[in-house]
Amino acid sequence: MRFPKPYADFVQRFRVPGGFVLLAAFLWFSDPGYASIAWGMPVCALGLWIRGWAAGHLTKNQQLTDSGPYAHVRNPLYVGSLLVTAGMMIAARSWGLGVLFAAAFVLIYLPVIQQEESHLRGLFPAYDAYARRVPLLIPRLTPAGGTKSFDWDVYRRNKEWKALGGFAVGVAVLILKAALGH
């Protein structure tokens, strides 16, 4: 699916404020229970692990990253975010929120991915060949890329610990809402 450039440019700028709107909806409409939280957390943990693994390989705008999870899927940070979101939607026990977040992914994040890929094609001549080998969002089982190892310094530079902090706050809110029966 290709999005018109003016639309993709708009949602690129709207992504952060839109995230706050989604956060407010999540806080207001989630209706967690302890069982739903328990079901959602393993999905979230998998997503956080994928994001962390990706962050330890990604050297933004310096070189084409094709190692670690990038040897399986071109957008492992988004795949990880999708899994975290899916886990939080399971925990939140709200179909409406699930539909809202799925729509946000399609209408906001897919155009952003399109913009990012265009940027990477301009930076790295080898990107087209990489994109032919490695799928956009559905990971391939066998790696098709580099063998560079995970690097904790790269992970820290990418500030991936912030995702873990945001996740912890979200879980705390869900537990508090479950405890209060809301």
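For the structure itself, consult the block above.
Engineer: Is there a simple way to think about the pattern of salt bridges in this case?
Structural biologist: Side chains carrying opposite charge are able to pair once their charged atoms draw close together. A full pass over the atoms with the stated rule returns eight salt bridges. Put simply, Glu117 and Arg121 hold a salt bridge, and the shortest N to O gap is 3.9 Å. Of this pair, Glu117 and Arg121 both sit in helix α4 (residues 95–123), separated by four residues, roughly a single helical turn. For Glu117, a relative accessible area of 9% corresponds to the buried category. Put simply, Asp128 and Arg121 hold a salt bridge, and the shortest N to O gap is 2.5 Å. A residue is classified by how much of its surface remains accessible, and Asp128, at 35% relative accessible area, is partly exposed. For Arg121, a relative accessible area of 37% puts it in the partly exposed group. Connected through shared salt-bridge partners, Arg74, Glu117, Arg121 and Asp128 make up one network.

Parameters and conventions
Residues numbered from 1 in each chain as written. Predicted model: local features only at pLDDT ≥ 70, side-chain atom pairs only at ≥ 80, totals over all residues. Heavy atoms only, no water. Salt bridge = Lys/Arg side-chain N within 4 Å of Asp/Glu carboxyl O. Helix = DSSP H or I, 4+ residues; strand = E, 2+ residues; numbered from the N terminus. Buried < 20%, exposed > 50% of the residue type's maximum accessible area, 1.4 Å probe, protein only.

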